[in-house]
Every structure is written in C-alpha cells, then in structure tokens.
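# Summary of structural features
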Amino acid sequence: METGQRKWHGSVSGIVDSSLDEVWSIVSRTKRLSEWMPMVERCTDLVGDEGIPGYVRLVSGFMFPQEDGERSWIKERLVAMDSTSHSYVYKLEASNVGLDGSVNTLKLINYGDDSTLVNWSFEIDPLEGAMEDSIIDYLGFLYKSCINRIQGAIEAASKKA
C-alpha cells in the first residue's frame, strides 16, 4: 500500500587510512563483502553482471537478527555505479527483514594523506510499529561498524597477497 509517506533517512561516515583505490577495490566488489561486513555469510549473483546497473545479488547472513534464529537475507539491485566518483547505489528489492524498498548509497572521498572518507547514506520506508530514531540508530550503528572494518580488511588482503 503506497501512501506517499516520507522516507526515513540516515547516514554515517568514517575515515579509512588507505587510498581511495584500495578502499574502492574492497567495497565495490560483491565477492569481498564478507571481508568488511562480518555479518554477511554468502553473496550470490542472481541477474546481470556485477558493476553494471541492473545487477541483482542475494546477500545472506546475520545482518538483522530474526526471532526464529534464521539467517536474514536481502535481494538487492544495483541502481548506479560510478567508478570515477567512487560511488554506488543499491536498492533492496525483497528481504525477510522488512526493509524492502530501502536505498543504500556508498560514496568515497579522497581525504588526503592516503586516507579516504567513506559515507554510507540510506533511506527506508517507515516501518509500522517501529520508532524512526531506533531504526535509524540501529542501521547507522550496523553500517558504521562495517566502515570501521574496511582498514582491517585491506591489511588482511595485503598479507595474503
């Protein structure tokens, strides 16, 4: 039921002590999601080619605790990816977490001295029976914890190389 309600918005940022290209090489690739999103167990390509708008992936794991203890899953479509401006947008198409229709945008900005500002913004449809501040705070905490793990993922990958 579309009622034209306003969306709930939030955003979090963090600085990673690595170059823009190093950060982009981790955050822009589906196969590397679990390196910086520890709650992600599996990513499956469903439709299209990664990096090309229209690409659809299924992400599963423990992103959002389920009452029955089951894994949460989200099916998301790539809306836009721009490797020049180091940004991308995914839209949640279906899930078992109640966030269908939400839009996540990740943008990297060169912060100088081989460091990168990572900005993750999101908008979701209002959730019935939920407090806006609580949901926005929870998502912000979750996404910020991912941003905080990017540096470790880059260091771990360089040790493997």
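Placed above this text is the structure.
Note that the coordinates shown come from a computational prediction; the quantities given were computed from them, not determined experimentally.

By secondary structure assignment, the location of Ser95 is in strand 5 (residues 87-95). In this structure, the C-alpha to C-alpha distance between Ser95 and Lys31, residues 64 residues apart in sequence, is 20 Å. In this structure Ser95 touches Trp73, Ile74 and Asp100, once residues within four positions along its chain are discounted. A distance of 3.2 Å separates a polar atom in the side chain of Ser95 from the backbone nitrogen of Val97. Within the structure, the side chain of Ser95 is placed 2.6 Å from the side chain of Asp100, a separation counted as a polar contact.

Glancing now at the packing of aromatic side chains. According to the stated counting rule, one finds five aromatic pairs in the structure shown. Look at Trp120 and Tyr143: their rings are 4.1 Å apart centre to centre, the planes differ by 5°, and that puts the pair in the stacked class. Separated by 23 residues along the polypeptide, Trp120 in strand 7 (residues 115-124) and Tyr143 in helix 3 (residues 132-147) bring together distant segments of the chain. Given the relative accessible area of 6%, Trp120 is considered buried. Assessed through its relative accessible area of 9%, Tyr143 is described here as buried. Centre to centre, the rings of Phe122 and Tyr143 are 5.2 Å apart; their planes meet at 80°, and the pair counts as edge-to-face.

Read from one edge of the open sheet, seven strands run 1-7-6-5-4-3-2, paired in antiparallel fashion. Of all the strands in the sheet, the pair left with one neighbour each is strand 1 (8-16) and strand 2 (40-47). Shown here is a sheet whose adjacent strand axes are inclined to one another by a mean of 25°, direction ignored. Across the sheet, helix 1 (residues 20-27) is in contact with strand 1, strand 4 (72-82), strand 5, strand 6 (103-112) and strand 7; its angle to strand 6 comes to roughly 160°.

This part covers the nonpolar core. Note that soluble globular proteins tend to have their nonpolar side chains buried in a common cluster. Of all hydrophobic cores here, the largest spans 39 residues; its most connected members are Val27, Trp36 and Trp120. Tallying contributions element by element places helix 3 first for this core, with six residues. In this structure, Trp36 is in contact with Ile26, Val27, Tyr88, Leu106, Trp120, Cys146, Arg149, Ile150 and Ala153, ignoring residues within four places of it in sequence.

Burial runs high along strand 3 (residues 56-61): five of the six residues are buried. Of the strand pairs in this sheet, strand 2 and strand 3 are connected by six bridges, and their pairing is antiparallel. By the bridge assignment for strand 3, Val47 is matched with Val56. One ladder, built from six bridges, connects strand 3 with strand 4; its direction is antiparallel. Bridge assignment links Ser60 to a residue of strand 4, and that residue is Trp73.

Rules used in this analysis
- Residues numbered from 1 in each chain as written.
- Predicted model: local features only at pLDDT ≥ 70, side-chain atom pairs only at ≥ 80, totals over all residues.
- Heavy atoms only, no water.
- Helix = DSSP H or I, 4+ residues; strand = E, 2+ residues; numbered from the N terminus.
- Contact = heavy atoms within 4.5 Å.
- Polar contact = N/O pair within 3.5 Å; in protein donor to acceptor, adjacent residues only side chain to side chain.
- Phe/Tyr/Trp six-rings, centres within 6.5 Å; stacked < 30°, edge-to-face > 60°.
- Buried < 20%, exposed > 50% of the residue type's maximum accessible area, 1.4 Å probe, protein only.
- Pairing = 2+ DSSP bridges.
- Axes fitted to C-alpha atoms, helices over the stretch in contact; angles between N-to-C directions.
- Core = buried A, V, L, I, M, F, W, Y, C linked by side-chain atoms within 4.5 Å.

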